[in-house]
Structure formats: C-alpha cells, structure tokens
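Structural overview for review
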Amino acid sequence: MFRRKVKPFSDILNESLRQWGLEMPLLQKRLIDSWEEVVGEAVGKYTGEKFIKNQTLFVKILNPALRYNLSMSRSRIVLELNKAVGSNVINDIKFY
C-alpha cells in the first residue's frame with residue numbers, strides 16, 4: 001500500500017488556498033506588511049494607512065516632500081514589493 005502521489009505540505013496548502021479563493025488576499029496582506037522593509041524605517045514613520053484596490057496600492061504619506069520623492073520612484077518600489085512577496089500582486093502605487 002504505497003502512496004504514489006506524495007506532495008509536500010506547502011503545495012497542498014497553496015492548492016487549497018487557491019481553491020478557496022484565499023491566495024490573493026494572503027499575498028496582499030504580505031505585501032502591505034513588507035512595505036516598511038522595502039522602503040525603510042525612516043519612510044515607514046511618515047506612512048499612514050495602506051490598502052490595495054484593483055491591483056493598486058494606496059499609501060497615505062504624511063510628509064508632502066517625501067510624497068513627491070516617493071512618486072518619482074514608484075516603478076522601482078512596485079518591483080521591490082512584488083519581489084518581496086514573490087508574486088505580481090500590484091501594478092501601481094498611488095500616494096495621497
């Protein structure tokens with residue numbers, strides 16, 4: 001009685017999350033949590049609320065000068081955040 005279709009637990013968990021429709025919300029949560037790691041602790045101090053809507057990350061920046069500087073490097077931040085999560089979760093960032 002040998003089992004021929006042996007899979008690692010991580011693969012089974014990922015398949016289950018995908019079937020239940022919970023894979024993308026989990027990836028979005030991981031991306032929001034990795035914000036401070038990607039942009040740094042100094043920028044994290046001036047960051048307010050963050051949320052994702054229609055593959056766009058909305059971030060409230062409390063300092064106008066910092067908001068302008070971050071908007072200039074949006075594409076790099078998008079790439080770094082997606083790389084931190086390991087999947088293409090967002091396509092754009094809007095700072096407000």
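Residues numbered from 1 in each chain as written. Predicted model: local features only at pLDDT ≥ 70, side-chain atom pairs only at ≥ 80, totals over all residues. Heavy atoms only, no water.

Since the α-helix advances by 3.6 residues per turn, residues separated by three or four positions end up pointing in the same direction. Look at helix 1 (residues 9-20): 17 Å from first C-alpha to last across twelve residues, which is about the 16 Å you get at 1.5 Å a residue. Of the residues trailing helix 1, G21 is marked for its positive phi of about 75 degrees. (Helix = DSSP H or I, 4+ residues; strand = E, 2+ residues; numbered from the N terminus. Expected span 1.5 Å × (residues − 1).)

Of the pairings in the sheet, the one linking strand 1 (residues 47-53) to strand 2 (residues 56-61) comprises five bridges and is antiparallel in character. Across the sheet, residue T47 finds its bridge partner in strand 2, namely I61. As consecutive antiparallel partners, strand 1 and strand 2 are separated by two residues, and within that stretch N54 has a phi angle of approximately 55 degrees, a positive value. (Pairing = 2+ DSSP bridges.)

Below, the discussion takes up the pattern of salt bridges. Summed over the entire model, instances satisfying the criterion amount to six salt bridges. Note that D92 and R74 form a salt bridge whose closest N and O atoms lie 3.5 Å from each other. In this pair, D92 sits in strand 3 (residues 92-95) while R74 sits in helix 6 (residues 74-85), placing the two residues 18 residues apart along the sequence. On the accessibility criterion, R74 (33% relative accessible area) is partly exposed. Across the pair K94 and D92 runs a salt bridge whose closest N-O atoms are separated by 3.3 Å. In the salt-bridge network here, residues are joined through shared partners; they are R74, D92 and K94. (Salt bridge = Lys/Arg side-chain N within 4 Å of Asp/Glu carboxyl O. Buried < 20%, exposed > 50% of the residue type's maximum accessible area, 1.4 Å probe, protein only.)

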